[in-house]
Amino acid sequence: MNTGVISVRYARALLKSADSTVEKDAVYADMQRLAQNYIDVRQLRTAIDNPMLPKQKKEEILLTACGGNPSTHTTKFLSLVLKEGRENLIQFMANAFVTLYREEKNMVTGRLITAVPVNDETKAKMSQMVGQRTKANVEFQTEVNPDIIGGFILEYDTYRMDVSVKSQLRSILKHLN
């Protein structure tokens, strides 16, 4: 079996089991944190893939990566995955769960990158615009990156609008060469 198929099956099972409870949103938050920690903390994958590390220690590490106080469904899920020896796929399972949850809730993620912090009104307007275009609920983030000098970069789904000063300067330089 391939990695994607196994991961999606586990993620669907977790989504279905959490469906019968009010914990679905909590499991979603746990899986988001876990997936993000796999990106942010490179040693996490190394530790979980280490065959010499006992499963109990791996479980403690994963629970911490979920935020330290995960839902009971998340705790049971991680125990099951470790028991079945599928810990090398947990990152993919977490990502698959997040994707399935967003599809079920008709959610799209949006990100606004600016050179300076934006006020709540601007953030709300951009989020509303993305929601109108996608006809979906928007999970919106803002990020400050002074390197773009000015303007903004808006990303959602597969769409990217880059009207930053940095990209415009790069375009001018490209035309001059």
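Located above this text is the structure these notes cover.
Keep in mind that what you see is a predicted model, and the values were worked out from it rather than measured.

Draft legend 1. Local environment of the environment of Ala 26. Tracing the chain through its elements places Ala 26 in helix H2 (residues 24-40). Once the C-alpha coordinates of Ala 26 and Gln 91 are considered, the two residues, 65 residues apart in sequence, prove to be 17 Å apart.

Draft legend 2. Spotlight on the nonpolar core. The biggest cluster of nonpolar side chains holds 31 residues, and the ones touching the most others in it are Met 31, Leu 34, Leu 62, Phe 77, Leu 78 and Phe 97. Each residue touching Leu 34, except ones within four places of it in the same chain, is listed here: Leu 62, Ala 65, Cys 66, Leu 78, Ile 90 and Ala 94. Val 108, Met 126, Val 130 and Phe 140 belong to the second-largest nonpolar core, a separate cluster that totals eight residues.

Draft legend 3. The packing of aromatic side chains, seen in detail. Applying the stated criterion to the full structure yields four aromatic pairs. Ring centres of Tyr 10 and Phe 77 lie 6.4 Å apart, and the angle between their planes is 70°; on these two criteria the pair is classed as edge-to-face. Of this pair, Tyr 10 sits in helix H1 (residues 3-19) while Phe 77 sits in helix H5 (residues 72-83), and the two are 67 residues apart along the sequence. Here Tyr 10 falls in the buried class, since its relative accessible area comes to 16%. Each ring, one from Phe 97 and one from Tyr 101, has its centre 6.3 Å from the other, and the planes form 25°; the classification is stacked. You can see Phe 97 and its partner Tyr 101 sitting in helix H6 (residues 90-104), four residues apart, about one turn around the helix. What makes Phe 97 buried here is its relative accessible area of 0%. Using a relative accessible area of 5% as the deciding quantity, one classes Tyr 101 as buried. Within the aromatic cluster, the residues linked to one another by ring pairs are Tyr 28, Phe 97 and Tyr 101.

Draft legend 4. Highlighting helix H7 (residues 120-134). The end-to-end C-alpha distance of H7 is 21 Å, a good match for the 21 Å that 15 residues give at a rise of 1.5 Å each. Taken together, the buried positions of H7 are occupied by Met 126, Ser 127, Val 130 and Gly 131. Considered in projection along H7, the buried side chains sweep an arc of 140° and stay on one side of the axis. Turned more than 90 degrees away from the buried face of H7, the exposed residues are Glu 121, Lys 125, Gln 132 and Arg 133. Buried positions along H7 lie against strand E1 (107-114), strand E2 (137-144) and strand E3 (152-156).

Basis of the calculations
- Residues numbered from 1 in each chain as written.
- Predicted model: local features only at pLDDT ≥ 70, side-chain atom pairs only at ≥ 80, totals over all residues.
- Heavy atoms only, no water.
- Helix = DSSP H or I, 4+ residues; strand = E, 2+ residues; numbered from the N terminus.
- Core = buried A, V, L, I, M, F, W, Y, C linked by side-chain atoms within 4.5 Å.
- Buried < 20%, exposed > 50% of the residue type's maximum accessible area, 1.4 Å probe, protein only.
- Contact = heavy atoms within 4.5 Å.
- Phe/Tyr/Trp six-rings, centres within 6.5 Å; stacked < 30°, edge-to-face > 60°.
- Expected span 1.5 Å × (residues − 1).
- Arc of directions from axis to C-beta.

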